[in-house]
Amino acid sequence: MISDSTLRTLKSASDEDHAFRLYGSRCEQVRLIEPYVSRRLQVRAQTRFELHLFSCERCLRAVEFELLVKRAIGDFAKFAQFSRSWH
């Protein structure tokens, strides 16, 4: 279990339900996906979460998906900025 503090923690059953709908997992580490992708975890928590990803395929796939979305949004923003220079 990762006990290091993070910027976001599950506060209620509705947060847990939201995480379950997003990632389809009741894994207690699911709350660390967003801070991990945003690079807001402390070093110790990040290392423990990365070790967790080796044993939890659902969390690993969720992290891969979140990184893909983040990259796509970043690429879209760059394209939008670039395309403005055409006008």
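Residues numbered from 1 in each chain as written. Predicted model: local features only at pLDDT ≥ 70, side-chain atom pairs only at ≥ 80, totals over all residues. Heavy atoms only, no water.

> Hey, could you run me through the pattern of salt bridges in this one?
Where charged atoms of side chains with opposite charge meet at close range, the side chains can pair. In this structure the tally under the stated criterion is three salt bridges. Note that Glu 64 and Arg 61 form a salt bridge whose closest N and O atoms lie 2.8 Å from each other. Here the residue Glu 64 and the residue Arg 61 both occupy positions in helix α4 (residues 57–84), the gap between them amounting to three residues, near one helical turn. The partly exposed category is assigned to Glu 64, whose relative accessible area is 39%. Residues joined by salt bridges that share partners form a network here, namely Glu 57, Arg 61 and Glu 64. (Salt bridge = Lys/Arg side-chain N within 4 Å of Asp/Glu carboxyl O. Helix = DSSP H or I, 4+ residues; strand = E, 2+ residues; numbered from the N terminus. Buried < 20%, exposed > 50% of the residue type's maximum accessible area, 1.4 Å probe, protein only.)

> So what exactly am I meant to see when it comes to the packing of helix α3 (residues 43–55) against α4 here?
The geometry of a pair of packed helices is captured by two quantities: the angle between their axes and the separation between those axes. Their axes nearest at 6 Å, the elements α3 and α4 cross at an angle of 115°. By the angle between their directions, the pair α3 and α4 is classed as roughly perpendicular. When you trace α3 past α4, the crossing you get is left-handed. Across the interface between the two elements, Phe 49, His 52, Leu 53 and Ser 55 from α3 touch Glu 57, Cys 59, Leu 60 and Val 63 from α4. Residues that form the contact of α3 with α4 fall into these classes: five nonpolar, two polar and one charged. (Axes fitted to C-alpha atoms, helices over the stretch in contact; angles between N-to-C directions. Parallel < 35°, antiparallel > 145°, perpendicular 65-115°, else oblique. Left-handed = near helix turned anticlockwise from the far one by under 90°. Contact = heavy atoms within 4.5 Å. Nonpolar A, V, L, I, M, F, W, Y, C, P; charged D, E, K, R; others polar.)

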